[in-house]
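Chain by chain, the residues:
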Number of protein chains: 2
Amino acid sequence: MKREKIKDLLLSPAPGDAILAMGWVKTRRDSKDFSFIELNDGSCLSNLQVIADHSLKNFDVIRTITTGSSIKVHGILSLSKGAGQKYEVQAKEIEILDPAPDTFPLQKKRHTDEFLRSIAHLRSRTNKYSAVFRIRSELSFAIHQFFNDRGFFYIHTPIITGSDCEGAGEMFRVSTLNPHEPMKPDDSGKLNFSEDFFGKEAKLTVSGQLSAEMLALGLGDVYTFGPTFRAENSNTSRHMAEFWMLEPEMAFCDLQGNMDMAQALMKSLTRHILEKCSEDMDLFFKFVDTGLKATLENLLASEFIRLPYGEAVSILQKQANKFEFPVEFGKDLQSEHERFLAESHFKKPVIVFDYPKTIKPFYMRVNDDHQTVAAMDILVPGIGEIIGGSQREERLPVLLSRMEEMGLNQKDYWWYIDSRRFGSVPHSGFGLGFERMMMFLTGIRNIRDVIPFPRTPKSLEF
Amino acid sequence: MKREKIKDLLLSPAPGDAILAMGWVKTRRDSKDFSFIELNDGSCLSNLQVIADHSLKNFDVIRTITTGSSIKVHGILSLSKGAGQKYEVQAKEIEILDPAPDTFPLQKKRHTDEFLRSIAHLRSRTNKYSAVFRIRSELSFAIHQFFNDRGFFYIHTPIITGSDCEGAGEMFRVSTLNPHEPMKPDDSGKLNFSEDFFGKEAKLTVSGQLSAEMLALGLGDVYTFGPTFRAENSNTSRHMAEFWMLEPEMAFCDLQGNMDMAQALMKSLTRHILEKCSEDMDLFFKFVDTGLKATLENLLASEFIRLPYGEAVSILQKQANKFEFPVEFGKDLQSEHERFLAESHFKKPVIVFDYPKTIKPFYMRVNDDHQTVAAMDILVPGIGEIIGGSQREERLPVLLSRMEEMGLNQKDYWWYIDSRRFGSVPHSGFGLGFERMMMFLTGIRNIRDVIPFPRTPKSLEF
């Protein structure tokens, strides 16, 4: 007999079938002649109620089954008399696969997120985290479906890189050299990587963008979705050393098209999750953030505000006393400023664009004012910046002069520069922090709690 | 006016529309009153033929357009008189976005794969590589669709890891320590990682399996699909330092179920690519491997052979004179042996199972004979091993004694062992080398040519 998943059993068209279910016991309670077992197999949030009556040959053993034990149940799917759900199972045979001892940490009581992080290998056995991981899976799928439907090609950009990309942040070094021995300098006194695996200094990528641009300039519309890294020693609730980033890159696309695509993506992903994960989402609406449902529905209903950086600064300067950090044209917006705009001032997502070129990387397209670049950031309530992007500088002479301005070595970027020599075209792209999107959708406020095994400073367990 | 992709234009229901196309010029040829431009935008293999006649105001300039230049074409979609394809475009206006100089390396002639690897940033501008990358994208999507349809959850397992997993291969170290300085030993003379980013030795993962098991034991069916790393200094056509791996992991699943799933996956992916990428696949059938189509159709039509390792050894020993390496019970099969079984002996995919435990990792389930483990490898013609998997050892005492046998430190695997304490269940999984699958589907025989930017020893460009 084939095992069926609880999700499928609960969607059965009619009762009466003989079924086989397997899973883990959430709780057991007993009456005189019956035991009631709540069984979960991870396929959905709902448990399957299993009813064992005293006629079962191992009824005595069944009445000792502990929370966390794994069991196998043959029985008949029946209409439930209780209020909860449609079906329950009248057990014909229950086999204990592996009894859990009393030391199983997930007894029926509330646990703190901090405690659960210390047993991250067991988090998927809880309601909250199994819901998080199911939503995370569906959100990934929604991303692939969104772009596949629109004729984008999914590309895998390298994780190990020889260039320091855009100076987006501190980088991890990757090496096979013996850490016991100091590196020998070469003849010119510089570090000598010739004996290292790649024969040169290697690092973990901070962004797949520069590589993605190369492919967009041949394939048209592409996106990369993979792990990225920051070696920043900051222990905040919004940063991790390893996280996933989605980066679409579009040939023949300007900043307006970029904003249009980013808005369409945000709405499509939100709608997808509300539709496909409604049972799991209800948990977050009820227990994590009671304002969450309204926030998400508001996003679906709104046209995002499009606000030049200069105007954003004016708005913020009028509220200067509200902020810890000063607001000044030419300075980057802080998280508190971003959240003020999205949460308090506009009460909906805001796209800030045309940032001063001095605070943005070399590859962003210089506007006609020569002071700003065609950059855009999307700010959402509760999170702040969730998307950052730009139109790219496609004009070779402008690109080269920007690189010189910023002290970058052309030799390190020969292939990137090359792409502007042979049929350069306008193109644009953006990056969406996948975990930020998960936080936005679930209302969870610590980024460590939306990824199975978080990597942060001094923390590398599991 | 909105730009349309060439793929969509060529699928238009009827001619007559005014259209806007953009792309790169593949070739231009001239007659007295006309210029014919083959335009490609990466959306599909086919070019759009653009016809410019002498009435266009910049006709003289059009007749100088070089291969590789980017252009913008307004025109009328018309039925093509030529044999090639259904539509062509009568240009009303052609704007050169950026002319390519004669130094553009991809002039119309055959280039070697070696040369193209040296300009990997431009490879997506060629027919062959744009086809590879479109297929790669669709294959990724097919994977997600296959598992999403079957109720699997996509999980992201960590890239940076503190455990050396399964000893699957040499690992890269990840660090933020200053490479100028030798590491200081701690009091006991060991390396002292306390000042490194994670406070302990960190490496790049060789497999997401152990993490995936943790999530399968809560969510049921999961898969991880992401980059994995091997720091092996071997320059072969089948190995890279960075590659993508798909690893499904299924709770309540034994070795037979594992084989069933792997076979269903291989067939489904192959069918998906034949259906969705037929134009691109024709290129590989014609120009890369004339036997490829038959190989793929043979896979779709066959039940995979299921062959115990012991029987595989007997078959191979009868052919010992054919092989460079000896065949002996207790030794791993070499690539030449694997290919002989799939290509010459059975002429179809072969699943070899029940390998000697001495050559397999600690986590594979020990069979009742105490000599073999419930492992399985899938061998396919042209490639050899493409999938490796096993039922996992779910019995705590057996797992612990296997770890001791193999000299593993229990402390390093406390969380893995923990998962066998609290409601352990039978479970199985396997790994599919994504680039190996790409090679199988395209007939390409150098793994560097199925990924945009390959990472191999002493090679870290782009």
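Reading the values: rules and limits
- All chains use their own residue numbering, which begins from 1 and follows the written sequence.
- Think of it this way: whatever chain is written first is A, whatever ligand is written first is 1, and the rest follow in order.
- Residues qualify for local features only when their pLDDT is at least 70, as the model is predicted, and side-chain atom pairs are given and counted only at 80 or more; totals for whole chains, interfaces and linings, by contrast, use all residues.
- The basis for the side-chain values is all heavy atoms of the structure; hydrogens and waters are excluded.
- Start and end points for every domain follow an automatic or database-based domain assignment.
- In these notes, a set of buried Ala, Val, Leu, Ile, Met, Phe, Trp, Tyr and Cys residues joined through side-chain atoms within 4.5 Å is what counts as a nonpolar core.
- Under the scheme applied here, a residue whose accessible area is under 20% of the maximum for its type counts as buried, over 50% as exposed, and between as partly exposed, the area being computed with a 1.4 Å probe on protein chains only.
- The contact definition used throughout considers only heavy atoms, calling two residues in contact when any of these lie within 4.5 Å.
- Starting at the N terminus, helices and strands are each numbered in turn, a helix being any DSSP run of H or I of at least four residues and a strand any DSSP run of E of at least two.
- Strand pairing is assigned whenever DSSP identifies at least 2 bridges connecting the two strands.
- Every case where a carboxyl oxygen of Asp or Glu lies within 4 Å of a side-chain nitrogen of Lys or Arg is listed as a salt bridge.
- Any N or O atom pair separated by 3.5 Å or less is treated as a polar contact, with the protein-specific requirement of one donor-capable and one acceptor-capable atom, and with residues adjacent in sequence counted only for side-chain atom pairs.
- Charged residues are taken to be Asp, Glu, Lys and Arg, nonpolar residues to be Ala, Val, Leu, Ile, Met, Phe, Trp, Tyr, Cys and Pro, and polar residues to be all remaining types, Gly included.
- Values of pLDDT, the confidence the predictor places in each residue, fall between 0 and 100.
- Every axis corresponds to a line fitted to the C-alpha atoms, with the helix fit spanning only the stretch in contact, and the corresponding angles, defined between N-to-C directions, vary from 0 to 180 degrees.
- Convention used here: angles under 35 degrees read as roughly parallel, angles over 145 as roughly antiparallel, angles from 65 to 115 as roughly perpendicular, and any remaining angle as oblique.
- Handedness of a crossing is defined here by the sense of rotation of the near helix relative to the far one, left-handed for an anticlockwise turn of less than a right angle and right-handed for a clockwise turn.
- The copies are overlaid by a least-squares fit using only the C-alpha atoms of residues whose pLDDT is at least 70 in both copies.
- Centres within 6.5 Å make a pair out of two Phe, Tyr or Trp rings, where for Trp the six-membered ring is used; the pair is then stacked when the planes are under 30 degrees apart, edge-to-face when over 60, and tilted otherwise.
- Criterion for a disulfide: a pair of cysteine sulfur atoms at a distance within 2.5 Å.

## Focus: the domain arrangement of chain A
When its domains are assigned, chain A resolves into domain 1 (6-98), domain 2 (124-171 + 206-449) and domain 3 (174-198). A separation of 36 Å is found between the C-alpha centroids of domain 2 of chain A and domain 3 of chain A.

## Points about the nonpolar core
Across soluble globular proteins, you tend to see nonpolar side chains buried next to one another. Of all hydrophobic cores here, the largest spans 216 residues; its most connected members are Met 266, Met 376 and Phe 440 of chain A together with Met 266, Met 376 and Phe 440 of chain B. Non-local contacts of Met 266 of chain A, meaning those with residues more than four positions away in its chain, are made with Leu 299, Phe 304, Val 380, Ile 386, Ile 387, Leu 432, Met 437 and Phe 440 of chain A. In this structure, Ile 160, Leu 204 and Phe 229 of chain A together with Ala 231 of chain B belong to the second largest nonpolar core, which totals 24 residues.

## Describing the pairing of strand β10 (residues 221-229) of chain A
All names here are of chain A. Among the nine residues that make up β10, nine are buried, leaving the element largely enclosed by the rest of the structure. Looking at chain direction, strand β6 (residues 153-155) and β10 are connected through three bridges and run parallel. Of the residues in β10, the one forming a bridge with Phe 153 is Val 222. Both β10 and strand β11 (residues 242-251) contribute to a ladder of nine bridges, which runs antiparallel.

## Remarks on the interface of chain B and chain A
Chain B puts 111 residues into the contact, and the matching count from chain A is 111 residues. There are two salt bridges connecting chain B and chain A. Among the salt bridges present, the one from Lys 5 of chain B reaches Asp 221 of chain A, with a minimum N-O distance of 2.6 Å. Viewed at the interface, chain A and chain B are joined by 45 residue pairs in polar contact (both at pLDDT 80 or more). Per-element tally for the side of chain B that touches chain A: the top contributor is helix α4 (residues 127-149) of chain B, with 11 residues. Residue classes in the side of chain B that touches chain A are distributed as 52 nonpolar, 35 polar and 24 charged. Where strand β8 (residues 173-175) of chain A meets strand β8 (residues 173-175) of chain B, three bridges bridge the pair, whose relative direction is antiparallel.

## Some remarks on the side chain of Arg 136 of chain A
With respect to the secondary-structure elements, Arg 136 of chain A resides in helix α4 (residues 127-149). In this structure the side chain of Arg 136 of chain A is engaged in a polar contact, spanning 2.8 Å, whose partner is the side chain of His 156 of chain B. If we skip the residues at most four places from it in the chain, Arg 136 of chain A touches Trp 244, Phe 434, Glu 435, Met 438, Val 450, Ile 451 and Pro 452 of chain A together with His 156 of chain B.

## Details of the confidence of the model for chain A
Fine structural detail should not be taken from predicted coordinates in areas where pLDDT scores are low. With 99% of its residues at a pLDDT of at least 70, chain A reaches an overall mean of 95. Reported confidences for the modelled complex are a pTM of 0.97 and an ipTM of 0.97.

## A word on the packing of α4 of chain A against helix α6 (residues 255-276) of chain A
All names here are of chain A. Where α4 meets α6, the axes come as close as 9 Å, and the angle between the chain directions of the two elements is 135 degrees. As far as their axial angle goes, α6 and α4 are oblique. Taken as a pair, α4 and α6 cross one another with a handedness that is right-handed. In contact with Ile 135, Glu 138, Leu 139, Ala 142, Ile 143, Gln 145, Phe 146 and Phe 147 of α4, α6 contributes Met 261, Ala 264, Leu 265, Ser 268, Leu 269, His 272, Ile 273 and Lys 276. In terms of residue class, the contact of α4 with α6 is built from 11 nonpolar, three polar and two charged.

## Considerations on the relation of the copies chain B and chain A
Once chain B has been moved 0.0 Å along the axis and rotated by 180 degrees, it coincides with chain A to within an RMSD of 0.0 Å. Such a combination of rotation and displacement between the chain copies is what one expects of a two-fold axis. When the interface residues of chain B are mapped onto chain A, 100% of them again lie at the interface, so the same face is used by both copies.

## Some words on the environment of Ile 65 of chain B
Residues and elements named next belong to chain B. Its place among the elements puts Ile 65 in the loop between α2 (59-62) and β4 (70-79). Ile 65 gets classed as buried once you look at its relative accessible area, which sits at 3%. The sequence separation of Ile 65 and Thr 27 amounts to 38 residues, and the corresponding C-alpha distance is 8.9 Å. Aside from chain neighbours lying at most four places away, what touches Ile 65 is Val 25, Arg 28, Ile 37, Ile 71, Ile 94 and Ile 96.

## Remarks on the sheet that holds strand β2 (residues 34-40) of chain B
Residue and element names in this part refer to chain B. Taking strand neighbours around the barrel as the criterion, the five strands line up as β1-β2-β3-β5-β4 in a closed arrangement whose pairing is mixed. Sheet twist, expressed as the mean angle between neighbouring strand axes with direction ignored, is 55 degrees. Across 10 bridges, β4 lies against strand β5 (residues 87-98) in antiparallel orientation. Bridge pairing links His 74 to Glu 93 in β5.

## Describing the packing of aromatic side chains
Applying the stated criterion across every chain yields a total of 47 aromatic pairs over all chains. Taking 5.0 Å as the distance between ring centres and 85 degrees as the angle between the ring planes, the aromatic pair formed by Phe 146 of chain A and Phe 147 of chain A counts as edge-to-face. Neither Phe 146 of chain A nor Phe 147 of chain A differs from the other in exposure class; each is buried. Between Phe 197 of chain A and Phe 172 of chain B the ring centres are 4.9 Å apart and the planes differ by 80 degrees, which places this aromatic pair in the edge-to-face class. Here the residue Phe 197 of chain A occupies a position in the loop between β8 and β9 (202-204), and Phe 172 of chain B occupies one in the loop between β7 (160-161) and β8, the pair thus bridging two chains.

## Quick notes on the pattern of salt bridges
Applying the stated rule across the entire model yields 42 salt bridges over all chains. Residue Lys 32 of chain B is joined to Asp 33 of chain B by a salt bridge in which the shortest nitrogen-to-oxygen separation is 3.9 Å. For Lys 32 of chain B, a relative accessible area of 71% gives the class exposed. On the basis of relative accessible area, Asp 33 of chain B is assigned to the partly exposed category, the value being 30%. Residues Arg 395 of chain B and Glu 393 of chain B are paired through a salt bridge, measuring 2.7 Å at the closest nitrogen-oxygen approach. What you see here is one network of salt bridges that share partners, running through Arg 117, Arg 123 and Asp 449 of chain A.

## With respect to the sheet that holds strand β3 (residues 48-53) of chain A
In spatial order, the strands read β1-β2-β3-β5-β4 (chain A); together these five strands close into a barrel with mixed pairing. This sheet shows a mean twist of 55 degrees between the axes of neighbouring strands, independent of strand direction.

## Brief notes about helix α5 (residues 209-219) of chain A
Residue and element names in this part refer to chain A. With 11 of 11 residues buried, α5 lies mostly within the body of the structure. Turning to α5, its buried residues are Gln 209, Leu 210, Ser 211, Ala 212, Glu 213, Met 214, Leu 215, Ala 216, Leu 217, Gly 218 and Leu 219. Phi turns positive, to about 95 degrees, at Gly 220, one or two residues after α5.

## Here we look at unusual backbone geometry
At Phe 252 of chain A, a position not held by glycine, the phi torsion is positive, near 60 degrees. With respect to the secondary-structure elements, Phe 252 of chain A resides in the loop between β11 and α6.

## Let's talk about the side chain of Glu 249 of chain B
All names here are of chain B. Here Glu 249 shows up in strand β11 (residues 242-251). What makes Glu 249 buried here is its relative accessible area of 1%. Among the polar contacts listed, one links the side chain of Glu 249 to the side chain of Arg 392, at a separation of 2.8 Å. The residues touching Glu 249, leaving out its near neighbours within four places in the chain, are Gln 209, Ala 212, Glu 213, Ala 216, Gly 220, Asp 221, Val 222, Arg 392, His 427, Ser 428 and Gly 429.

## A look at the environment of Glu 328 of chain B
Residue and element names in this part refer to chain B. Following the sequence through the fold, Glu 328 ends up in the loop between α9 (309-317) and α10 (335-345). A relative accessible area of 43% places Glu 328 in the partly exposed class. Along the primary structure Glu 328 and Val 50 are separated by 278 residues, whereas in three dimensions their C-alpha atoms are 63 Å apart. Beyond its immediate stretch of four places on either side in the chain, Glu 328 contacts Tyr 309, Val 313 and Gln 317.

## Observations regarding the state of the cysteines
In total, this model carries zero disulfides over all chains according to the counting rule given. Lacking any disulfide linkage, Cys 44 of chain A is separated from the closest cysteine sulfur, that of Cys 277 of chain A, by 12 Å.

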